[in-house]
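Here is how the chains run, residue by residue.
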Amino acid sequence: MEQYIQPFVEGSEEVFRDLCNTEVKAGRAFFVSKDQFESIWDISGIIGLSGEANGAVALSLKEPTAVGLTKILTGNEHDSIDKFVTDAMGEIINIIAGNVKNVFEKKHRIKISMPSIIKGKAHSIVWPSEKARIICIPFTIFTDQEFCLSVAMEQAK
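Quick caveat, the model's predicted, so the values are computed rather than measured.

Asks: Teacher, can you tell me more about the pattern of salt bridges here?
Replies: Side chains bearing opposite charge may pair, as long as their charged atoms lie close to each other. In total, this model carries 5 salt bridges according to the counting rule given. In this structure, the salt-bridge partner of Asp 42 is Lys 121, at a minimum N-O distance of 3.4 Å. A residue pair is termed long-range when its members are at least 10 positions apart, and Asp 42 in the loop between strand S2 (30-32) and strand S3 (43-51) and Lys 121 in the loop between strand S6 (116-119) and strand S7 (134-141) qualify at 79 residues. We note a salt bridge from Glu 63 to Lys 121, for which the minimum N-O separation is 4.0 Å. With a gap of 58 residues between them, Glu 63 in helix H2 (residues 63-74) and Lys 121 in the loop between S6 and S7 connect regions that are remote in the sequence. For Lys 121, a relative accessible area of 64% gives the class exposed. Ionic contacts of the salt-bridge type, sharing partners, join the residues Asp 42, Glu 63 and Lys 121 into one network.

Below you can see the structure in the form of structure tokens.
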């Protein structure tokens with residue numbers, strides 16, 4: 001599992017450090033079953049993966065974290081999840097997935113989709129495959145806030 005998760009951890013750390021000028025710290029990754037996957041998040045950016053491996057990657061955050069990141073990126077105040085916040089979250093997950101795609105390209109040909117955004121308190125994510133297990137990588141940001149990068153991948157047939 002470590003060999004598949006590490007590129008997502010490193011890709012996330014790099015994006016938040018370089019794009020958002022913010023350090024993040026990864027926690028211990030864990031598996032989540034589809035029937036247990038209840039979102040506590042307010043916004044999620046999702047990228048589909050296809051090719052030699054299929055699945056999806058989701059970046060899920062609470063509203064204050066997403067708004068705070070958008071302020072860093074745009075230099076403007078935001079009171080809630082607006083168009084700028086959704087665009088910023090789409091851009092962040094797009095860059096994370098692109099970085100990971102580049103790492104995996106050495107072994108697997110993978111394509112990524114355009115980002116999709118789901119917003120709303122306690123929203124649900126319907127994962128693309130019944131067989132792929134969901135791995136949640138929790139991160140700490142801004143000292144006391146969290147977000148989750150969830151990954152569901154399986155080898156294509």
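Asks: I would appreciate a short explanation of the environment of Leu 19 in the present structure.
Replies: With respect to the secondary-structure elements, Leu 19 resides in the loop between helix H1 (2-18) and strand S1 (24-26). Note on Leu 19: relative accessible area 35%, which makes it partly exposed. For the pair Leu 19 and Met 153, spaced 134 residues apart in sequence, the C-alpha separation works out to 26 Å. Each residue touching Leu 19, except ones within four places of it in the same chain, is listed here: Glu 14, Leu 73, Ile 92 and Ile 95.

Asks: Can you help me understand the pairing of S3 in this one?
Replies: Every regular strand shows the same layout, with side chains that alternate between the two sheet faces. As paired elements, S3 and strand S4 (residues 53-61) share 7 bridges and run antiparallel to each other. Its bridge partner being in S4, Leu 49 is matched across the sheet by Gly 55. Here S3 folds back onto S4, and the loop between the two strands holds 1 residue. Relative to S6, S3 runs antiparallel, the two being bridged by 4 bridges. In the strand pairing of S6, Ile 46 is matched with Ser 116. Pairing of S3 with strand S5 (residues 110-112) involves 3 bridges; the strand directions are antiparallel. Across the sheet, the residue bridging to Gly 51 is Ile 110, located in S5.

Parameters at a glance
- Residues numbered from 1 in each chain as written.
- Predicted model: local features only at pLDDT ≥ 70, side-chain atom pairs only at ≥ 80, totals over all residues.
- Heavy atoms only, no water.
- Salt bridge = Lys/Arg side-chain N within 4 Å of Asp/Glu carboxyl O.
- Helix = DSSP H or I, 4+ residues; strand = E, 2+ residues; numbered from the N terminus.
- Buried < 20%, exposed > 50% of the residue type's maximum accessible area, 1.4 Å probe, protein only.
- Contact = heavy atoms within 4.5 Å.
- Pairing = 2+ DSSP bridges.

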